[in-house]
Amino acid sequence: MITKEATAPAPTPVSAPAAPERRPRGNNRSWDEVPRWQIYLPLSVYLVFTLIPFYWILLFALRPAGSTSLVPWPMTFDHFDKVWTQRSFGTYFENSLLVGVATLVMTTLVALAGGYALARFDFKIKQGFMLALLCSQFVPGALLLVPLFEIFAELKMINSLGSVILAETVFQLPLSIILISNFIKNVPYSLEEAAWVDGCNRLTAFRIVVLPLLRPGLIAVGSFAFVHSWNHFLFALMFLNNQDKQTIPVGLNTLMSADSVDLGALAAGGIIAAVPVVIVFAFIQKWLITGFSAGAVKG
């Protein structure tokens, strides 16, 4: 008797249930889905409110005295000539430039040495020293004017640009040291060790290997020190007496009296004071952003 062997049907593969499609929520739209006008409109409003004061300064500086026109035409440069020659703004500009450059150099050099010590060496009072640097930022400069005046008087530095340079450098150092220290921590220590193996001492290894990598941090610290010393009013007012030693901020203050204000001359002086800072930031903005962002990262 011949029987046919029953064959079982092949099992059908069981497919996994399809995952439910996720729909984007109403508040989680990507930037590509946002209408352009929702981006450009707030930026345009902010730009208008930012540029109106600058236009107003240019208007008073370039239009003739006594004019009420909202357009600087006919254009005149009499206000610039007045503040530069008659109001000694040429001398103020030179003094401010000297103070700013000297503060930049001294702050950068001292902060570089102090930042390297904090980043590469361990010592007992390191945490306390860092805490003291941070706490010093909460002390206003006006609180120390009397002690500083007494110290500079004993050192025969009153009415000297050196007193302003020294005071500005001291007040810029805490933040500068912290920024440089954090920036050096981001440089791998193995790079210095490799230079030591090749025969370099610590100073040579720092100059050849580490220093080129610190360019954004040094530019950030130096520019911050320059701008702060250029715009600072209090130290120059207290420590400098002679007119030929005054700086730009004090010179702007002399254009205002209790009875009247020469708006044209004041606007021209403000433009003269702002132009160097604008030029500096226009050239170093990419290094400045990189330096401050890298210096703010904990190593």
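Computed from a prediction, not measured in an experiment: that's the story for all the values here.

Moving on, we get to helix 4 (residues 126–136). Buried residues of helix 4: Lys126, Met130 and Leu133, and no others. Looking down the long axis of helix 4, one finds its buried residues gathered within 60 degrees of arc, a one-sided arrangement. Exposed side of helix 4, more than 90 degrees from the buried face: Gln127 and Leu131 are the residues found there. Where helix 4 is buried, its residues contact helix 3 (89–120) and helix 6 (161–185).

Let us now look at the packing of helix 3 against helix 6. One can describe the packing of helix 3 onto helix 6 by two numbers: an axis separation of 6 Å at closest approach and a directional angle of 35 degrees. Once helix 3 is placed against helix 6, the crossing between them reads as right-handed. For the contact of helix 3 with helix 6, the per-class residue count stands at 17 nonpolar, nine polar and three charged.

Let us look at unusual backbone geometry. Residues other than glycine seldom take positive phi values, yet Lys156 does so here, at roughly 60 degrees. With respect to the element layout, Lys156 can be found in the loop between helix 5 (145–154) and helix 6. Unusually for a residue other than glycine, Asn159 sits at a positive phi of about 65 degrees. Classification of Asn159 as buried rests on a relative accessible area of 16%.

So, on to the packing of aromatic side chains. This structure, assessed with the given rule, holds 12 aromatic pairs. Where Trp84 meets Phe93, the ring centres are 5.8 Å apart and the plane angle is 55 degrees; that geometry is what we call tilted. By relative accessible area, Trp84 is classed as partly exposed at 40%. On the accessibility criterion, Phe93 (21% relative accessible area) is partly exposed. Each member of the aromatic cluster is reached from another via a ring pair, and the members are Trp84, Phe93, Phe226 and Trp230. The ring of Phe60 has Arg63 lying over it, and the distance from NZ or CZ to the ring centre is 4.6 Å.

Reading guide: rules and limits
- Residues numbered from 1 in each chain as written.
- Predicted model: local features only at pLDDT ≥ 70, side-chain atom pairs only at ≥ 80, totals over all residues.
- Heavy atoms only, no water.
- Buried < 20%, exposed > 50% of the residue type's maximum accessible area, 1.4 Å probe, protein only.
- Helix = DSSP H or I, 4+ residues; strand = E, 2+ residues; numbered from the N terminus.
- Arc of directions from axis to C-beta.
- Contact = heavy atoms within 4.5 Å.
- Axes fitted to C-alpha atoms, helices over the stretch in contact; angles between N-to-C directions.
- Left-handed = near helix turned anticlockwise from the far one by under 90°.
- Nonpolar A, V, L, I, M, F, W, Y, C, P; charged D, E, K, R; others polar.
- Phe/Tyr/Trp six-rings, centres within 6.5 Å; stacked < 30°, edge-to-face > 60°.
- Lys NZ or Arg CZ within 6 Å of the ring centre and 35° of its normal.

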